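Listed here are the chains, written in short residue letters.
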Amino acid sequence: VKLPPPLEDFLRRKVADGKFPSVEEALCEGVRLLERQERWQAEVREKIDTGWSQAKAGQLRTPQEASQTLALRKRAWKAGHRG
């Protein structure tokens, strides 16, 4: 893989800092992150499409229901991200 010099320098610094054992492993991590981002975007698009279909069909939540759902999700997220 041929990279522009600034990116190659960046990867070499990450290896020198001990973040990765090799430039190849740093590149693999970058590709894994790109793959994860694309999966996340696909999931978001699917959720938006589902929500839009539900809204068009009149399946709407009240502001109170939406607020309760968000509060529950926030608590669950915080519980899952504690150190």
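Please refer to the structure placed before this passage.
What counts as what
Each chain has its residues counted from 1, following the order in which its sequence is written. Local features are withheld for residues below a pLDDT of 70 in this predicted model, meaning they are given only at 70 or higher, and side-chain atom pairs are given and counted only at 80 or more; totals for whole chains, interfaces and linings count all residues. Here the side-chain values reflect all heavy atoms present in the structure, with hydrogen atoms and water set aside. By the criteria applied, helices consist of DSSP H or I runs no shorter than four residues and strands consist of E runs no shorter than two, each listed in order from the N terminus. Relative accessibility decides the category of a residue: with a 1.4 Å probe and only protein chains considered, values under 20% of the type maximum give buried, values over 50% give exposed, and everything between is partly exposed. To be clear on the numbers: accessible area is Shrake-Rupley with a 1.4 Å probe, and residue cover counts the displayed protein chains and nothing else. His residues and chain termini do not enter the charge count, which takes Lys and Arg as positive and Asp and Glu as negative. Here the site of a charge means atom NZ of a Lys, CZ of an Arg, CG of an Asp or CD of a Glu. When a carboxyl oxygen of Asp or Glu is within 4 Å of a side-chain nitrogen of Lys or Arg, the pair counts as a salt bridge. All axes are obtained by fitting lines to C-alpha atoms, using only the stretch in contact for helices, and the reported angles, taken between N-to-C directions, cover 0 to 180 degrees. Roughly parallel covers angles under 35 degrees, roughly antiparallel covers those over 145, roughly perpendicular covers 65 to 115, and oblique covers all other angles. The crossing is said to be left-handed when, going from far helix to near helix, the turn is anticlockwise and less than a right angle, and right-handed when the turn is clockwise. Residues count as neighbours in contact if any of their non-hydrogen atoms are within 4.5 Å of one another. Here the nonpolar group is Ala, Val, Leu, Ile, Met, Phe, Trp, Tyr, Cys and Pro; Asp, Glu, Lys and Arg are the charged ones; every other residue, Gly included, is treated as polar.

Chemist: Just to check I follow, could you spell out the overall build of the protein for this structure?
Modeler: When helices and strands are counted, the protein shows three helices and zero strands. Starting at the N terminus, the α and β elements of the protein follow one another as α-α-α. If one aligns the C-alpha atoms of the protein with their principal axes, the spans along those axes are about 55 × 30 × 15 Å. Here the protein holds 83 residues, and 4% of them are scored as buried. As displayed, the protein has an accessible area near 7600 Å², and 57% of this comes from carbon and sulfur atoms. Taking the average location of the 17 positive side-chain charges in the protein and that of its 12 negative ones, the two points are 9 Å from each other.

Chemist: For this particular structure, what's the right way to read the pattern of salt bridges?
Modeler: Two side chains that carry opposite charge are able to pair once their charged atoms sit near each other. Tallied over the full model, the rule gives four salt bridges. Put simply, Glu29 and Arg32 hold a salt bridge, and the shortest N to O gap is 3.2 Å. With Glu29 and Arg32 both in helix H2 (residues 23-56) and three residues apart, the pair spans about one turn of that helix. Judged by its relative accessible area of 24%, Glu29 is partly exposed. Residues joined in a network through salt bridges with shared partners are Glu25, Glu29 and Arg32.

Chemist: Would you mind going over the environment of Val1 with me for this structure?
Modeler: With respect to the secondary-structure elements, Val1 resides in the segment before helix H1 (5-16). On the basis of relative accessibility, which here comes to 92%, the residue Val1 falls in the exposed class. Along the backbone, Val1 and Leu27 are 26 residues apart, and their C-alpha atoms lie at a distance of 9.5 Å.

Chemist: Quick question: what am I supposed to make of the environment of Asp9 here?
Modeler: Mapped onto the secondary structure, Asp9 falls in helix H1. The exposure class of Asp9 is partly exposed, given its relative accessible area of 42%. Put simply, Asp9 and Lys19 are 10 residues apart on the chain and 14 Å apart in space, counted from C-alpha to C-alpha.

Chemist: I'm lost on the packing of H1 against H2 in this one. Help?
Modeler: If you want to describe how two helices pack, look at the angle between their axes and the distance between the axes. Running from N to C, H1 and H2 cross one another at 110°; their axes reach a closest spacing of 9 Å. Relative to H2, the element H1 is oriented roughly perpendicular. Here H1 and H2 pass one another in a crossing that is right-handed. Only Val23, Ala26 and Leu27 of H2 make contact with H1, whose side of the interface consists of Leu11, Arg12 and Val15. Here the contact of H1 with H2 is built from residues that sort into five nonpolar, no polar and one charged.

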